[in-house]
Structures are given as C-alpha cells and as structure tokens.
Amino acid sequence: MTENASAAEPLAADSAIAVVGMSGRFPGAPDLDTYWANLLGGLCSVTDFTEEELIADGADPQEVRGRDYVPSKGRLADADRFDAELFGFNRTEAAALDPQHRLLLQTAWAALEDAGRSPLGGTARTGVYVGGGPTEHMLAAQTDPGLAASIGALQVRILTDREFLAPWVSYRLGLEGPSLTVQTACSTSLTAVHLAVQSLLLGECDTALAGGVAVDAVHKRGYVHQQGGIYAPDGRCRPFDERAGGTVPGNGVGVVVLRRLSDALADNDPVRAVIRGSAVTNDGATKVGFTAPGVDQQTAAIVEAWAAAGLDPADAQYLEAHGTATALGDRIEAAAASAAFKGALGTGRIGIGSVKSNIGHLDAAAGVAALIKSVLMLEHATLVPNADAGRPHPELGFDDSPFHLVREATAWPEPGFGPRRSGVSSVGIGGTNVHVVLEEAPARAAAGEPDAQGAPEILLLSARTREDLGALAGRLAGALRAPGAPSLTDTAYTLSVGRAPLAVRGYVRAGDRAQAARLLDELASGGGPGLGGPDPLGAAWLAGEPVAREGGGRRVALPSYPFAGESHGAYRLVPPAAVAPGGTEPARGEGPADREQGVRALLAEALGLADTDDPEMTYFAAGGDSLTAVHLVGCLRDDFDLDVPITLFLEQLTLHEMARRIVATGEGDESLDALLAEFESE
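This structure is a prediction, so every number in the text was calculated from the model and none was measured.

K.L.:
Sorry, what's going on with the sheet that holds strand β19 (residues 457–463) here?
P.N.:
Sheets are built from strands that pair by backbone hydrogen bonding, the pairs being arranged parallel or antiparallel. Pairing is mixed in the open sheet, where 3 strands are placed in the order β19-β20-β21. Both outer strands of the open sheet, β19 and β21 (530–531), are each paired with one neighbouring strand and no more. This element, helix α19 (residues 488–497), spans β19 and β20 (504–510) of the sheet and lies at about 40° to β19.

K.L.:
Explain the confidence of the model for the chain here, please?
P.N.:
Segments scoring low in pLDDT should not have their predicted coordinates read at a detailed level. Overall, the prediction assigns the chain a mean pLDDT of 88, with 90% of residues at 70 or greater. Taken together, the stretch residues 1–11 has pLDDT below 50 and engages in 19 contacts with residues farther than four places along the chain or on a different chain. Considering only residues more than four positions removed or in separate chains, one finds that residues 575–589, a stretch of pLDDT under 50, has 22 contacts.

K.L.:
Explain the pattern of salt bridges here, please?
P.N.:
Side chains carrying opposite charge are able to pair once their charged atoms draw close together. One pass over the full model with this rule turns up 36 salt bridges. Two residues, R391 and E242, come together in a salt bridge whose shortest N-O distance is 3.2 Å. Here R391, found in the loop between β14 (382–383) and β15 (403–405), pairs with E242, found in the loop between β9 (223–224) and β10 (252–260); they are 149 residues apart in sequence, far enough to count as distant. When its relative accessible area of 35% is taken as the criterion, E242 is described as partly exposed. Residues D269 and R555 are paired through a salt bridge, measuring 3.7 Å at the closest nitrogen-oxygen approach. Of this pair, D269 sits in the loop between α13 (261–266) and β11 (273–282) while R555 sits in the loop between α21 (536–542) and β22 (566–567), placing them 286 residues apart in sequence. Judged by relative accessible area, R555 falls into the buried class, the value being 12%. Linked by salt bridges that have partners in common, R117, R259, D267, D269 and R555 make up one network.

K.L.:
Could you clarify how one ought to interpret the side chain of N358 in this entry?
P.N.:
Position of N358 relative to the elements: it lies in helix α16 (residues 356–359). Beyond its immediate sequence surroundings of up to four residues, N358 is in contact with N38, L39, G42, L43, C44, S45, V46, P385 and A387.

K.L.:
What exactly am I supposed to notice about the packing of aromatic side chains here?
P.N.:
Aromatic ring pairs are defined here through the distance separating the ring centres and the angle between the ring planes. Following the criterion strictly, the structure yields 18 aromatic pairs and no others. One aromatic cluster is present, formed by F82, F87, F89, W109, W168, Y171, Y561 and F563 through successive ring pairs. Over the ring of F89 we find R172; its NZ or CZ atom is 4.1 Å from the centre of that ring. Positioned above the aromatic ring of W541, the side-chain terminus of R505 is 4.1 Å from the ring centre.

K.L.:
Looking at this structure, how should I read the pairing of β11?
P.N.:
Look at any regular strand and the pattern is simple: side chains alternate between the two faces of the sheet. Along β11, 8 of the 10 residues are buried, which leaves the element largely enclosed by surrounding structure. In terms of strand pairing, strand β1 (residues 17–25) meets β11 through 3 bridges, oriented antiparallel. Counterpart to V19 in the pairing with β11 is A273.

K.L.:
I would appreciate a short explanation of unusual backbone geometry in the present structure.
P.N.:
If a residue is not glycine, its phi is most likely negative; likewise, a peptide bond is most likely trans. The step from G528 to P529 runs through a cis peptide bond, and the omega angle for that step is 15°. Residue placement: P529 occurs in the loop between α20 (513–524) and β21. With a phi close to 55°, D363 is a non-glycine residue in the positive phi region.

K.L.:
Hey, could you run me through the nonpolar core in this one?
P.N.:
Here is a general trend for soluble globular proteins: nonpolar side chains tend to be buried in one another's company. Ranked by size, the top nonpolar core spans 74 residues in total, and within it F89, V169, L209, L459 and L520 carry the most contacts. It is helix α7 (residues 99–114) that provides the largest number of residues to this core, a total of 7 residues. Setting aside residues up to four positions removed in sequence, L520 forms contacts with L459, L461, A473, L476, A477, L480 and V508. Residues M22, V368, L376 and M377 belong to the second largest nonpolar core, which totals 48 residues.

K.L.:
Even after reading the chapter, I still don't get empty space enclosed by the protein, so can you show me in this structure?
P.N.:
For the coordinates displayed, the defined rule picks out 4 cavities of 30 Å³ or more. Within this model, the largest cavity holds a volume of roughly 70 Å³. What lines the largest cavity is a set of 13 residues, among which Q298, I302, E333, S425 and V427 lie closest to the centre. Mapped onto the lining of the largest cavity, the elements with two or more residues apiece are α14 (295–308), α15 (327–340), β17 (421–427) and β18 (432–440).

About the cut-offs
Residues numbered from 1 in each chain as written. Predicted model: local features only at pLDDT ≥ 70, side-chain atom pairs only at ≥ 80, totals over all residues. Heavy atoms only, no water. Pairing = 2+ DSSP bridges. Helix = DSSP H or I, 4+ residues; strand = E, 2+ residues; numbered from the N terminus. Contact = heavy atoms within 4.5 Å. Axes fitted to C-alpha atoms, helices over the stretch in contact; angles between N-to-C directions. pLDDT = per-residue confidence, 0-100. Salt bridge = Lys/Arg side-chain N within 4 Å of Asp/Glu carboxyl O. Buried < 20%, exposed > 50% of the residue type's maximum accessible area, 1.4 Å probe, protein only. Phe/Tyr/Trp six-rings, centres within 6.5 Å; stacked < 30°, edge-to-face > 60°. Lys NZ or Arg CZ within 6 Å of the ring centre and 35° of its normal. Core = buried A, V, L, I, M, F, W, Y, C linked by side-chain atoms within 4.5 Å. 1 Å grid on protein atoms, 1.4 Å probe; cavity = no way out; pocket = protein on both sides within 12 Å on 5 of 7 lines; lining within 4 Å. Points joined across faces, edges and corners; volume = space filled by probe spheres on them.

Here it is as structure tokens:
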C-alpha cells in the first residue's frame, strides 16, 4: 500500500459510500444467489436457439436461415411478466408499459428490501439514477395509431419512453429525492452509480437507487454477424482471450442501493461493499472515430477515481473491465488500464475479467452487472473466472503488464496491507468512460444467538395475494435454515421496518430460528395466518392496524418479494393483424341506452377491463387516474359528441353510474384545453 493510501484510511467513513442493497436479474439468473453460483462456476449463460424456436417466436424465417445469422443471445427469461396490481397499473396500462419499466420497478422494490428498507413509505430523500436502452416495444407502441387512439398519444409516450424510467420508480415508490434518467450508451448504469455517489456526497439525498435495464425485445432473437462488426461470429464473448471475436447482445436489469458509509454504519445497515471513489471522462475528439474508444481518457478515468478515493491504483487486486472482446476495444482498454495501474509491483499481480463472458453485453445494464459481480466477489473473498477462459491474446501484452486473466475460481487472499479492493470500468459508445473503486465492507460484529430458546419474536409478513404470502414464507424459512442465517431478533426487526404493509397478512411467533422455519413452512403450506400462539401485536397486524414492534435490531438481507405477475406481452414492430390494439371504435347508437352501452365499452377499453358488468366497480378502483380522464374526455367528445366536465371523473362513482351521468350530462367543459395545457407543462 502506498503512503497516500495509508493516510486516507481514517477518512473513509466520511467520504465513502456504502452499497447496502442489491437486486438484479440476468441471463440464466432470476436472482443474485443464482447469479453468483453461475459466476463461481464459470458458466456461460448465453442461450443458443434452434431455428424452430426463433421462427415460432416471430423471427423472420428468411433472416434466421441466412448464412450470417447467429442464433444466440444473453436472454432474460420471463421478461414480460409483471405484478401490475402491486404497482397500481390496470391491465391496459400494464400491457402498454414497456417491459424495461416493469422490470426496473420490481428490481428497485427488491433492492430496497435487500437493504432492509420499506419500498413504500419512509423513503423520502431517496434519489433515483437509472437508464435503459431502446426497445422494440417502445418503437412499436409509439408508431401504432391504433394504440394512440385507444389510450392517448401522451399516455403511450409516458408508458414507453425510456426518459420516464426514473420518474416512474420515484412516483410508484414515493421517493422524493432527485430522479434522473441517465443515458451514456453502454456505460449508462455505471455512470448512474457515479452520479448517485456525487448526489449523496453533496447531501442532495440520503439514500440513492442506481442502475440500469436493457431489454431490447422479450422475444427469442439472435443477431446478424457482419465482417468487421462488433458481434462475435460464434455467439460467444471471450474478453481478452486469444479466441476473442466480438461481443454478444444480452438483456438484464440491476439496481444497487447506496448510502453514505457514516450513515449506514450509524443505522446498522447491511453494508455489502464500499465505494471509495468514482470518476467520469469523455474521449472528446482524441480517437479515430465516434464509436471508437480512446486510451488517454480511459486511463484518466481510472486515475481520477483512485485519486478521489485517496488511494493509488496499485492498491487494487482485481479489475472488472468493460471487456467487449472486440479487437479494437480490448486492445485499447488493456493499454489504458496498463498505463493507469503501472505502479503495481510485479507483473500479473492484478486479476482482470469481464462479466460479458458469462452473460453477454447488457448495453445500458452492463456496468451495474459488472459492479454487482465485483461486490459479490468481495463479499465471498473469491475471484471468479471469465467463462471458458483460454490464454490471453498475445497482442494485449499481459506478459509485461500488472494483469493476469482470471481463468478459474480462486480464493481472494487478504492483502498484506488494507482491505481487498477492486476497480470497475465501463465504456460507452460516444466516449463516456466510467471507473468505480470498490472496497470490501468493514468488519461487523456478529450478532450471535444462543442455541436455547430465547424470548419469542414475532415475524410479520404481508403480500398482495395469499399465494405470494405462501411463497414469501417459504423463502424466509429457507433463509433462516441457511448457513450464516441472521438472528431471529434482526429478522423480526427487518421485517417490521423494512417491508411494505400489504393487504394479505400472516405472522409466526417463535423462540428460535428452527421453530420459526417450521412455522413458516406451515404458513407456506396454507396454515395460519397466525402461528406459534396468540400475540397482541400479531392480532393487530392481522386486523390491518398499524403496528410498532418494541425493541431494536439490525437491518439484514432477507428474501425479497416473490413477484409472480402474469405475462403482459410486448408490442412488436410488425404485430399480427389479429392483435392490433385499439382497432375498434365504440358503437355510438342513437338512443340513450345505446349510448350508455357504448360509453361503458369505452370505459372498459381505457381501463383494461373485460367488461363493466360489476355494479360496484368504481373508476378509481379500476385503475383510473387524471391522465386517463383527459383521454376519455377527448374520446367522448370525438366519438359520441358528448362534452363532459373533467371533474366528473374525480367523483367516487361506480362505472355504471359514471356511464349514466356521462350520457345524461353531455355538458361542455371549457376548461379542458386549459387542463391539457397545464398537464403538458407539468
């Protein structure tokens, strides 16, 4: 360790940022436990599709059978599933909402739960810094006149455009800090992390969500290889390898929860790793072309990040590189990193790798996938290999550099001085380079629990449905049986302060983890809802009352919500004629009864209902809001020659009564244009 690094150690808690929560879904990995297992095993999770699979899922047969078509991708399974009701979307909105938005909302929720923080309420001054890529769904939706006619052009844009990724998270989770959608191409999500770090250090927020999502299409797709292009001819990404031939596209989503380290330690947060510094640069005009990377500013980003940390790059033991496996990209990145880390004593001391070998290139989510991989390696004190790693490419000069390509899982030895540290790099087309300095979490005193039964604890659980409650109870039972399980006291505390109180509830009362796990299994199998004996706190919880558990504890990582939403599909650029949305016009009819029936059909279409036969269903219960009301007022005027006041939709009316009032009223609302103008300005 350098003298500079030693001097900086006491300042870490004041200037460092803690990673207190994480969540992600990546190719071959629906959760981070599976992600880690895949990384540890050096598994390549890129999927190779058959011709039949691709054509059955709507791919162009002529393209699929082309000589240069590569039927491979880092595919994200079930990317079209979404727990819409949990987030307050009706069926029509959920179908129009871009899959990227759906996945990001669920991942942000899960990340906050992983941090031991309720995803609803109590999270003011929480910033959101995220980004995403372009999607087929967005392009198809925004160019479909039928959909615009059905729900309104403005609504289509708000539900599909990636510029609204951050605002939707802030709105649905009630987060009142800065909310920024970030776009720097392939380096988007790591740039988002850098901006979140800066916001925390400036005091703009106290907690920040940062990350990215990339789901260009939910359908099974490969790609066309072009000679001299960036994509590999064989569907495999081999960064820094002598067999490297290019990258492979992939889909995924990842979010980290960040807090100032001093705050995290004071609040007993589950610190998973520490960000000591970060930096962003741009290549400007110092490169051969707009899409080409540059050496000097990649080097500068690394050096500046370690300087911000008060450390020297030579203090690193590992570098998680951008690593696209393209000839130009790998060569320039190796040169830039070698220049930045040249102070490391000896050759081959620093391990280097890229998660793209495992999951492909996740575009806007690539950086956060790499960051999460690095945090997991620090937590497990283990270096994981590049998937199917061979010998380094001789043109990279690793034999005379500080780096060695990690080719097998190995223990990450404790350094002679200081904690384990790594760097994470990300590079975007257009020249935005990002580097983040990571450090293992500070030692935390173990919260032991005696083998004998202690005072009973109440574990409070809730979910949207009984099925979800059972799944959650089963997951928690498994977590309490796992090695290194948290204490029952910390589990009860985290459940009480770190989960949203939902409608379907249950509890177990237990004196130790083994008993709690048994009762949770019983709850998961349909027992309960209160198990382990009567309890006043549990009774109040089941009655839906606000409860406050007595006693403290520490926030610990527990299983997150078991999202089990149905498939809401995704729009295609060339949709089948049979499913073109919004293609029917409501029957207008002549008499009041015909008009009322037509109005009810219009309400059902706008609210995503099969019908409006339920006499007790209200507009708001069906998911109606002010934006839908603006659209309906316009449709009623255009399709039925009815001028209805916008205020009618703000009343607590059933849909039956609303349809009757609409037909009976038929009065103009001269304030509609003003309301539209006000909405646009907001």
